Amino acid sequence: MEGPIQMKDIHIEERVVSDHKAKITARGVQVYYGTNHALKDVDVDILAGTVTAFIGPSGCGKSTFLRCLNRMNDTVSSARVVGEILLDGEDIYDKRVDPVQLRAKVGMVFQKPNPFPKSIYDNVAYGPKIHGLTRNKAELDEVVESCLRKAALWNEVKDRLQAPGTGLSGGQQQRLCIARAIATSPEVLLMDEPCSALDPIATAQVEELIDELRSQFSVVIVTHSMQQAARVSQKTAFFHLGNLVEYGETGQIFTNPKDPRTESYITGRIG
Amino acid sequence: MTVAATNPMPTPPAKATHSLLVPNAAMGRRNAAEKRFRAYGLAAIAVSLSVLGIMLWSIFSDGLSSFFQAKLTFPVTLSSEVLDPAGNGLREEMTKVTTIGYGKLLTAAFTAELAAKGISTEGVTDKQLAEMISKDAPGVLRAKVLGDTSMLDQTITMSVLAAGRIDGYLKGRVTMETAERDGNISPEQLQLADRLKTARILGSSFNTRFLTSPDASDQRPEAAGLGVAILGSAYMMLLVLIICVPIGVATSIYLEEFAPKNRWTDLIEVNISNLAAVPSIVFGILGLAIFINFAGFPQSSSVVGALVLSLMTLPTIIIATRSSIRAVPPSIRDAALGVGASKMQTVFHHVLPLAMPGILTGTILGLASALGETAPLLLIGMVAFVDNYPSAPVEGFMDPATALPVQVYSWASRSDPAFIERSSGAIIVLLVFLVVMNVTAIILRRKFERRW
Amino acid sequence: MTVLVLVVATLVIAGVGFFLGRSRALSGVSGNVRDLHSLPGYYGWHVALMAALPAFGVLLVWLIVQPIVIERNIGSLLPAETVADATAFKLAVADIRRVAGGLDAAVLAGALTEASAAELTSGGTDVRAVLAGVGVALGSDVTNDTLLSAQMYRSMTATGALARMIAVLAVALAGLGYALSVTRAEFRARNRVEIVMMGVLITASSIAILTTVGIIWSMLSESLNFFRQYPATEFFFGLTWSPNFRGGSDLGFIPLLWGTLYISLIAMIVAVPLGLFTAIYLAEYAGPKVRAWVKPLIEVIAGIPTVVFGLFALVTVGPFLRDYFAQPFGFGNSGASVMTAGLVIGILNIPFISSLADDIINSVPQSLRDGSYGLGATKSETVKQVILPAALPGIVGAVLLAASRAIGETMIVTMGAGASAKLSLNPFDAMTTMTVKIVGQLTGDTDFNSPETLVAFALGITLFVITLGLNVFALYIVRKYREEYE
């Protein structure tokens, strides 16, 4: 993260994504919270090795959909999910699937940095420990170090791994949460507005990190900021009032939206 | 952040991924741990609730019978020879006949009735026969006759308490085996009791005296009642209400609305929260040392009990009142101040009425906990044997009295097992009062609950 | 005129004052309320308060001072050695009061006339018989000194009551007159009334402080009295407790402390796991319906008076433990035991711990749970590794508060633990606690000058210090950890 950070405005790059195969396939997904129909009939393919952005105004269902992908909605008692979501061809809502195991494969980073009230080391080691991924302390140390490196946090915290994670700055906390999420070696990483609680410099650091993570994980990011979606993603899905309005290449969505609602949103008329 | 065509995406590293549909061993272990943990939680709740159930069941099964009492019913001829030796029918002269005389009359009438009905008294001495009638009965008959001297020489049907052991036999507490070892009752008396029951002389009926009579001595558990205790508790609750509500509300208003942030205020706050956690017995010591030894209030009086209970209850009431005052939104205060009301007017005209339901609920709950409090009352002498009703308020507040929970304790510490039944019965009465108070509080809360 | 009548009379004056003040204010502006500084009611209240408050103040001071003055005067009639010995003097004064009360009753019942009561001598009449006739039983015959003092006591009390009445009513009327004289349209009645009300509020809120001062003062002074008669080191480090009201008692505190701590330990072993698991289940697992039913049911336990638990210990738990555990395994045959009392106090404390812990667990932010579930942790893993560590300070505080309650619990130990002070490890032995002995030494006939009675105050203040220390420590821990995580 050395050198000046350049903030870019909407500037769409050429992207090559078509040769990646679908990691997650969602068909006909509906979500109800009690009697509220929060998500209506969503079909999406999330590609491997790709950053996919979900954009849309508040309450449009983008976070709801994200939480379906690792069955976090199970923890909300009133939520009901209908439809089919396949991860590598396997239905994640199948009765035989343990949501706990699924969440190890589909990691999640939340809107507000939420480090556990434990040391930095224990925060990262938490996932590997509960899933029994390492055989001994040395291996665990290795995993912690490599995850902190991948999260671009190692240099800042290597001397104080036993300090509480809650004592870090906001940006550092969010990177710690990313390190914690990738420590279970997930295949998909879900990010729910990961930068909304951060200042611009921390945001830029996290965005750069997301781009690097793409080489190992499929990343799905929910964001309020269209600039951010344009900067980090290759594919973009636009949600509005519980409907998936448009899904396509990020460049195409921002420069040549097919649906008038997408255009209104991008040009700032709704939102 | 440049991803150009010249830099093709690396494919994700191949991982030995398990299918989600195939259960793995580690997950089995973790899910078993999860189930165990959940079961611990359920077990904890089950244990707590079943102990509660066992406790209530044991109290109700021991205590419900105290509301029913064995009674002997037989005709008594109120012979004027015995009851009015002077022969002039004057009440003053008749008071010279003591309960011993009435006792003899009752025994004679009882024996005569047995003979008339042809019930054999085999194996039962005359003394034992007399002892089957409660020692309480002569006093009752005497009061009745002195209340209406015109009954002289008439034959009336008396329904008198049977002795405690006979009552225990009907309720299953006393058996033939225990009677063998008991000096106060013999198996023959119990057999006679069976015959009396068949002859409908001995029977069981609802025991209103349990709720109205004063306490009775160790010798006659069958006559012991809760009258003084209920009255004493009622006096104390009334006084606690009169003392606590104004002081509690005034304190809360001051602390919530007026108190400046300074050391004095902090001191008050710290004191209130600490007093809420001081063991109740310490308040008893305070009551004994200050109200009785220093201020000279009479021992065992309801006023001292009420003062002690008030000091204990104040923190509860203050905490409840403050939270309901705090729940009144500031916009109401702003509105009142905005039309030119003084701070005091704002509080008394707007904030206090809106906080009233909460204050009321908190007060009732505070009173309920005061009603069940025992330990401090022991120290101020309310455990003493009191067989006179306290007089009517206000003088009655100074009279010796006892309280429901204290009566439970003092009966529980007597040796005759018949008092355990009484004690459990007293708890039932106490619990009925508590349930009524709590339900009232819940209803009030439901009715007036306001979401701002 | 009794105090009650005097109070009522003053209130009547105040009530009349209210209407006078109100109408005077209104007549001053010929009924035009807008010309008044305050609402008319405030003028009324001002007059009423000015009439009542100073009068009540005088009454209060009088009630405190008069007995002291009378006692001092009676002292002059009693023999010098009685006055010198504080105890004997107290007893003599109590005697005089009883005789005086008896004479009052006799006059009231018509057995004596007012004049004959004043002229009664112990030589001429059997005073004891006369008083017994009106229902006042005296322990011994009345000496001439006592009778004379009692007569003097009566006459002084009567004079005092008369003077009191005149003084109080005069002050009330003077207050009324003053307040009426200042009642004018521009008079700031509301501000005056509000100042008085503020004073009332402040006084009321100071009662909490007065109570604490009262607790400490009452226990401290009697404890010091105790330590003058019994060495403090023998009390605090003595290993035997065997009070003997004829003197020569051993009043060692250690066996009582041991009993108290042992019982509290067992109580905590019962209450902490049960309370904590109950709270965890209710907060993390139970659905809203189960919660709505189970939580109030658990809290019912907290609403049941402790004497009920005491009877439960005495009648059910004690015999059960004795018949199924203590006797078969040779641990003794006492129904009252440390185990009995400990188990029952533990049950009593379950709702206390569970409702505090429930609040604390619920206040752990949802984001931490999400973070843990998002990593694929199960609920139990989340509870054990994230929620409990985060809630730990609060839970430690709750446990300490519960321990302080267990230590101060009285009725359950009085009825379930026994009364023999012992240093034993066997949990099925009957042992005793500080609270049991406070009750034991202070109930029944007590002589407030023997160390056997006064020791209760020393026990009381020790108990107060221990529980206060635990409470303060609990709050300190909670605060310290909270700062760490914020």
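On a predicted model such as this, the values are computed, not experimentally measured, just so you know.

A.B. asks: An account of helix α18 (residues 404-412) of chain B is requested, with residue identities and associated values reported.
C.D. replies: Among the nine residues in α18(B), nine count as buried, and that is most of the element. Those residues of α18(B) lying buried are L404(B), P405(B), V406(B), Q407(B), V408(B), Y409(B), S410(B), W411(B) and A412(B).

A.B. asks: Outline the sheet that holds strand β2 (residues 155-161) of chain B, listing residues and values.
C.D. replies: All names here are of chain B. Pairing is antiparallel in the open sheet, where three strands are placed in the order β2-β1-β3. The open sheet has two edge strands, β2 and β3 (202-206), and neither has a second partner. Adjacent strand axes in the sheet meet at a mean angle of 40° when their direction is disregarded. Pairing of strand β1 (residues 68-77) with β2 involves seven bridges; the strand directions are antiparallel. Residue pairing in the sheet places T73 in a bridge with S159 of β2.

A.B. asks: How would you summarise the domain arrangement of chain C if you had to cite specific residues and measurements?
C.D. replies: Annotation of chain C at the domain level lists domain 1 (3-187) and domain 2 (241-481). Spacing between the C-alpha centres of domain 1 of chain C and domain 2 of chain C amounts to 49 Å.

A.B. asks: Before we move on, can you summarise the pattern of salt bridges with the specific residues and values?
C.D. replies: Evaluated as defined, the whole model comprises 38 salt bridges over all chains. Among the ionic contacts, a cluster of salt bridges with common partners joins D167(B), K171(B), R173(B), E421(B) and R422(B).

A.B. asks: How would you summarise a nonpolar patch on the surface if you had to cite specific residues and measurements?
C.D. replies: A contiguous nonpolar surface patch, about 550 Å² in accessible area, is contributed by V394(B), L4(C), V5(C), V8(C), V12(C), V16(C) and L20(C). Relative to the elements of secondary structure, V5(C) occurs in helix α1 (residues 3-28). Accessibility expressed as a relative area gives 40% for V5(C), which makes it partly exposed.

A.B. asks: Give a detailed account of the interface of chain B and chain C, specifying residues and quantitative values.
C.D. replies: Put simply, an interface is often sized by how much accessible area is lost when its parts join up. With 71 residues of chain B in contact, the opposing surface of chain C contributes 74 residues. Together, the buried faces of chain B and chain C total about 6,300 Å²; carbon and sulfur atoms form 80% of this surface. Linking chain B to chain C there are eleven residue pairs in polar contact (both at pLDDT 80 or more). Of all the elements, helix α1 (residues 25-63) of chain B adds the most residues to the side of chain B that touches chain C, at 22 residues.

A.B. asks: Could you give an account of the packing of helix α19 (residues 418-448) of chain B against helix α13 (residues 306-326) of chain C, with specific residues and numbers?
C.D. replies: In contact at an axis separation of 11 Å, α19(B) and α13(C) are set at 150° when each is read in the N-to-C sense. Here α19(B) is positioned roughly antiparallel relative to α13(C), judged by the angle of their axes. As for the relative orientation of α19(B) and α13(C), their crossing is left-handed in sense. Facing I420(B), S423(B), S424(B) and I427(B) of α19(B), the residues of α13(C) in contact are V308(C), L311(C), L314(C) and V315(C). A per-class count over the contact of α19(B) with α13(C) returns six nonpolar, two polar and no charged.

A.B. asks: Let's hear about the environment of G28(C): which residues, and what values?
C.D. replies: Residue and element names in this part refer to chain C. Looking at the element boundaries, G28 is found in helix α1. The class of G28 is exposed, set by a relative accessible area of 62%. C-alpha of G28 to C-alpha of F277: the two residues are 249 residues apart in sequence and 73 Å apart in space.

A.B. asks: Break down the confidence of the model for chain C for me, citing the residues and quoting the values.
C.D. replies: Residues of chain C with pLDDT of at least 70 account for 93%, and the chain-wide mean is 86. Within chain C, the element-level pLDDT minimum falls on helix α6 (residues 127-133) of chain C, averaging 69, and the maximum on helix α11 (residues 254-285) of chain C, averaging 95.

A.B. asks: Got a sec to walk through the packing of aromatic side chains? Specific residues and values, please.
C.D. replies: With the rule as written, the count across this model stands at 31 aromatic pairs over all chains. The interplanar angle of 85° and the centroid separation of 5.3 Å between the aromatic rings of F67(B) and F210(B) together place this pair among those described as edge-to-face. With F67(B) in the loop between α1 and β1 and F210(B) in helix α10 (residues 209-212), the pair connects residues that are 143 residues apart, well separated along the chain. Note on F210(B): relative accessible area 0%, which makes it buried. Ring geometry for F68(B) versus F206(B): centroids 5.8 Å apart, planes at 80°, classification edge-to-face. Residue F68(B) is found in strand β1, and its partner F206(B) is found in strand β3; the two are separated by 138 residues along the sequence. The exposure class of F68(B) is partly exposed, given its relative accessible area of 42%. When its relative accessible area of 44% is taken as the criterion, F206(B) is described as partly exposed. A network of ring pairs unites the aromatic residues F226(C), F227(C), Y230(C), F235(C), F236(C) and F253(C) as a single cluster.

Analysis parameters
Residues numbered from 1 in each chain as written. Chains lettered and ligands numbered in written order. Predicted model: local features only at pLDDT ≥ 70, side-chain atom pairs only at ≥ 80, totals over all residues. Heavy atoms only, no water. Buried < 20%, exposed > 50% of the residue type's maximum accessible area, 1.4 Å probe, protein only. Helix = DSSP H or I, 4+ residues; strand = E, 2+ residues; numbered from the N terminus. Pairing = 2+ DSSP bridges. Axes fitted to C-alpha atoms, helices over the stretch in contact; angles between N-to-C directions. Domains from an automatic or database assignment. Salt bridge = Lys/Arg side-chain N within 4 Å of Asp/Glu carboxyl O. Patch = residues over 30% accessible without salt bridge, like charges linked within 9 Å, V, L, I, M, F, W, Y side chains within 5 Å. Areas by Shrake-Rupley, 256 points an atom, 1.4 Å probe, with all protein chains shown as cover. Contact = heavy atoms within 4.5 Å. Buried area = accessible area lost by both parts, 1.4 Å probe. Polar contact = N/O pair within 3.5 Å; in protein donor to acceptor, adjacent residues only side chain to side chain. Parallel < 35°, antiparallel > 145°, perpendicular 65-115°, else oblique. Left-handed = near helix turned anticlockwise from the far one by under 90°. Nonpolar A, V, L, I, M, F, W, Y, C, P; charged D, E, K, R; others polar. pLDDT = per-residue confidence, 0-100. Phe/Tyr/Trp six-rings, centres within 6.5 Å; stacked < 30°, edge-to-face > 60°.

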